[in-house]
Amino acid sequence: MAWAIILLASGDGERAKRLAARERYPSRMRAWLEAHPLREYGSQLRSRAEGEDFAAHPAELKRLLERPDVLATGMSAGDIVGLVGKGPGVEAYAPAGHRAAILREHALTPVAGGPVRIRWVTDELWPHLYQDAERRAPRAAILLDLLESENPRARREAARALAR
């Protein structure tokens, strides 16, 4: 239900409802959001994806975000809270089933603290998140990812945006 709550918090109640798939879940999601502000309880939604860090050649960073099977998040989509510049790396969501192809095509090497952070989402969930018009993750997911940033300003702006 983590992604359904994130979609609802992002203002996309229809996709949240489709994802939740059961009649009583929409009311449960709303009740959870009312009782648990994302600013304080966002860490409970960490099950939304499995994060992994990589080393990459700098030329691959832009190409990685241009892929049709990734959604920018965190600092790579920080402009939603007024953060100027994309930072030195890439943060994105991608379907777990595309992991091997993404690593191969961009020569990514797993390394702790690398400049590329990919959050792998299950293949079953991916169609609910990806929309052709959007090249970024849902707003609430971006803000939750910014709360985990090493950048103090990113954390502060995300917390401020989640408090509204």
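Residues numbered from 1 in each chain as written. Predicted model: local features only at pLDDT ≥ 70, side-chain atom pairs only at ≥ 80, totals over all residues. Heavy atoms only, no water.

Peer 1: Explain unusual backbone geometry to me, please; I cannot follow it from the model alone.
Peer 2: Trans is the common state for peptide bonds, and a negative phi is the common state for residues other than glycine. The phi dihedral of alanine 107 is positive, around 50°, even though this residue is not glycine. Residue position: alanine 107 is located in the loop between helix H6 (99-106) and strand S4 (109-110). (Helix = DSSP H or I, 4+ residues; strand = E, 2+ residues; numbered from the N terminus.)

Peer 1: Would you take a moment to explain the sheet that holds strand S1 (residues 50-55) for this structure?
Peer 2: The strands making up a sheet associate through hydrogen bonds between their backbones, and the pairing can be parallel or antiparallel. Spatially, five strands are ordered S2-S3-S5-S1-S4 in an open sheet, and the strand pairing comes out mixed. Looking along the sheet, the strands with just one partner apiece sit at the ends: strand S2 (71-72) and S4. Sheet topology places S1 next to S4; two bridges connect them, and they run antiparallel. When the bridges of S4 are listed, phenylalanine 54 appears paired with proline 110. Strands S1, strand S3 (90-95), S4 and strand S5 (116-121) of the sheet are contacted by H6, whose axis makes an angle of about 160° with S5. (Pairing = 2+ DSSP bridges. Contact = heavy atoms within 4.5 Å. Axes fitted to C-alpha atoms, helices over the stretch in contact; angles between N-to-C directions.)

Peer 1: Sorry, what's going on with the pattern of salt bridges here?
Peer 2: Once their charged atoms are close, side chains differing in charge can pair, the charge on each being opposite to the other. Going through the model one piece at a time under the given rule, you end up with 16 salt bridges. Residues arginine 117 and aspartate 53 are paired through a salt bridge, measuring 2.8 Å at the closest nitrogen-oxygen approach. Of this pair, arginine 117 sits in strand S5 while aspartate 53 sits in strand S1; the two residues are 64 residues apart in sequence, bridging distant segments of the chain. One salt-bridge network, in which partners are shared between bridges, spans Arg46, Arg48, Glu91, Arg119, Asp145 and Glu148. (Salt bridge = Lys/Arg side-chain N within 4 Å of Asp/Glu carboxyl O.)

Peer 1: Got a minute to help me understand helix H8 (residues 139-147) in this structure?
Peer 2: Most of H8 is tucked away: seven of the nine residues are buried. Where H8 is buried, its residues contact helix H1 (2-9), helix H4 (38-41), S2, S3, S5 and helix H9 (152-163). (Buried < 20%, exposed > 50% of the residue type's maximum accessible area, 1.4 Å probe, protein only.)

Peer 1: What should I look at first to understand the pairing of S3 in this one?
Peer 2: Counting buried positions along S3 gives six out of six residues, so the element sits mostly inside the fold. Neither face of S3 is open: one carries Val90, Ala92 and Ala94, the other Glu91, Tyr93 and Pro95, and all of them are buried. Two strands pair when backbone bridges link them, and S2 and S3 are joined in this way by two bridges, in the antiparallel orientation. What sits directly across from alanine 72, in S3, is alanine 92. Sheet topology places S3 next to S5; six bridges connect them, and they run parallel. Each bridged residue has a counterpart across the sheet, and for alanine 94 the counterpart in S5 is tryptophan 120.

Peer 1: When you look at the packing of helix H5 (residues 58-65) against H6 in this model, what are you seeing that I'm missing?
Peer 2: A packed helix pair is summarised by two numbers, namely the angle formed by the two axes and the spacing between the axes. H6 packs onto H5 with a crossing angle of 140° between their chain directions and a minimal axis gap of 10 Å. With respect to H6, the element H5 is oriented oblique. In this structure, H5 uses Glu60, Arg63 and Leu64 to contact H6, whose residues at the interface are Ile102, Glu105 and His106. Broken down by class, the residue content of the contact of H5 with H6 amounts to two nonpolar, one polar and three charged. (Parallel < 35°, antiparallel > 145°, perpendicular 65-115°, else oblique. Nonpolar A, V, L, I, M, F, W, Y, C, P; charged D, E, K, R; others polar.)

Peer 1: How should I be thinking about the packing of aromatic side chains in this particular structure?
Peer 2: Taken as a whole and assessed by the stated rule, the structure comprises three aromatic pairs. Both rings, one in tryptophan 3 and one in tyrosine 93, keep their centres 5.2 Å apart while their planes meet at 80°; by these two values the pair is edge-to-face. Of this pair, tryptophan 3 sits in helix H1 while tyrosine 93 is found in strand S3, placing the two residues 90 residues apart along the sequence. Taken individually, tryptophan 3 and tyrosine 93 each receive the classification buried, so the pair is uniform in this respect. Here tryptophan 126 and tyrosine 130 contribute two aromatic rings whose centre-to-centre distance is 5.9 Å and whose plane-to-plane angle is 25°, an arrangement assigned as stacked. Take tryptophan 126: its relative accessible area is 10%, and that puts it in the buried class. Residue tyrosine 130 is classed as partly exposed on the basis of its relative accessible area of 21%. (Phe/Tyr/Trp six-rings, centres within 6.5 Å; stacked < 30°, edge-to-face > 60°.)

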